[in-house]
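# Structural overview for review
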Amino acid sequence: MIDSAEARRTNIALLIDELVDANHILFHQNVVDGFGHVSARHPERADRFFLSRSMAPALVRSADILEFDLDGAVAEPDGRAVYLERFIHSEIYRARPDVAAVVHSHSASVIPFGVVRNAPLRAISHMCGFLGEGAPVFEIRDAAGDGTDLLIRNRALGAALAKSLQGAAAVLMRGHGATMVGTSLRQAVFRAVYTETGARLQAEALRLGPVTFLTAAEAAAAAQTNDAQINRAWDLWRVQARAHAGTPQKDYLRE
Ligand code: MN
């Protein structure tokens, strides 16, 4: 019989393995590059989450994953550098009890929709249904005035970003990037990939002429259908990420 403490440790180890895969998938799907990050809320402690130490996502291993509290502090500090923008994660977990995972990226196609007024990023295809009638845009000047470096480098800025996100799946950050959330790690990754894809498609469509977007009802129905299909994409993306030459295969032998 498996002791419950043992079962918990296994549970957490599996989540950390999945978080490592999420880091690699986001790189291979062109959502993150040397920058950007992904976190997962602790499955048993709502006031804790897991996030890599400060490093390029494609290079993250399970030993790089640290546990944080909702103030953005490492639970057991060991001197390793942490992401400046960890407050994106901590404050969204604080504000949104439904959120189990957060992705922050600077993915290129999304940036234009954060800087052009009256061009909201909307659901242009069924795969982007979660965007609904438009992703909110966070304007850091409203929170901290002129002269910031655009980074969410403290709790107050994280709280302001979470306020802009409200109940949405994604929030664009003017002149910076975007942050996507999910009720699971896989859903947050799925949304991050299709936020980038949707932005690319919307920019192309806008050059052709007036765009017919999904209605709110269509977007909601499509999002619900897609939520039941996430593992299909995840399985493919994970195989691709693990097969990549730069990925140390030995880390995956235990599966
Ligand atoms: Mn950033």
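Anything mentioned here points back to the structure above.
Residues numbered from 1 in each chain as written. Predicted model: local features only at pLDDT ≥ 70, side-chain atom pairs only at ≥ 80, totals over all residues.

### Describing the sheet that holds strand β7 (residues 177-182)
We apply this condition: Pairing between two strands requires that DSSP report at least two bridges joining them. Strands are runs of DSSP state E lasting at least two residues, helices are runs of H or I lasting at least four, and both sets are numbered from the N terminus onward. C-beta atoms are placed from the backbone for every residue, and two residues are taken to be in contact when these atoms lie within 7 Å. Where helices are involved, their axes are fitted lines through C-alpha atoms of the stretch in contact, as for all axes, and angles between N-to-C directions lie from 0 to 180°.
Read across the open sheet, the seven strands follow the order β3-β2-β1-β4-β7-β6-β5; overall the sheet is mixed. Two strands bound the open sheet, and with one partner strand each, they are β3 (65-69) and β5 (137-138). Sheet analysis places β5 next to strand β6 (residues 170-173), joined by two bridges and oriented parallel. Bridge assignment links valine 137 to a residue of β6, and that residue is leucine 172. Against the sheet, helix α1 (residues 4-28) touches β1 (37-41), β2 (48-52), β3 and β4 (101-105), its axis set at about 155° to β1. Against the sheet, helix α6 (residues 185-208) makes contact with β1, β4, β6 and β7, and its axis sits at roughly 145° relative to β7, the strand it touches most.

### Observations regarding the packing of α6 against helix α8 (residues 230-243)
The condition is simple: Comment on the angle field: the value is read as roughly parallel under 35 degrees, roughly antiparallel over 145, roughly perpendicular from 65 to 115, and oblique elsewhere. When residue character is reported, Ala, Val, Leu, Ile, Met, Phe, Trp, Tyr, Cys and Pro are called nonpolar, Asp, Glu, Lys and Arg charged, and the others, Gly included, polar.
In the contact formed by α6 and α8, the axes pass within 10 Å of each other and the chain directions differ by 80°. On the basis of their axis angle, the class for α6 and α8 is roughly perpendicular. Residues Arg186, Gln187 and Phe190 of α6 form the contact with α8, whose own contacting residues are Ile230, Asn231, Ala233 and Trp234. Classifying every residue of the contact of α6 with α8 gives four nonpolar, two polar and one charged.

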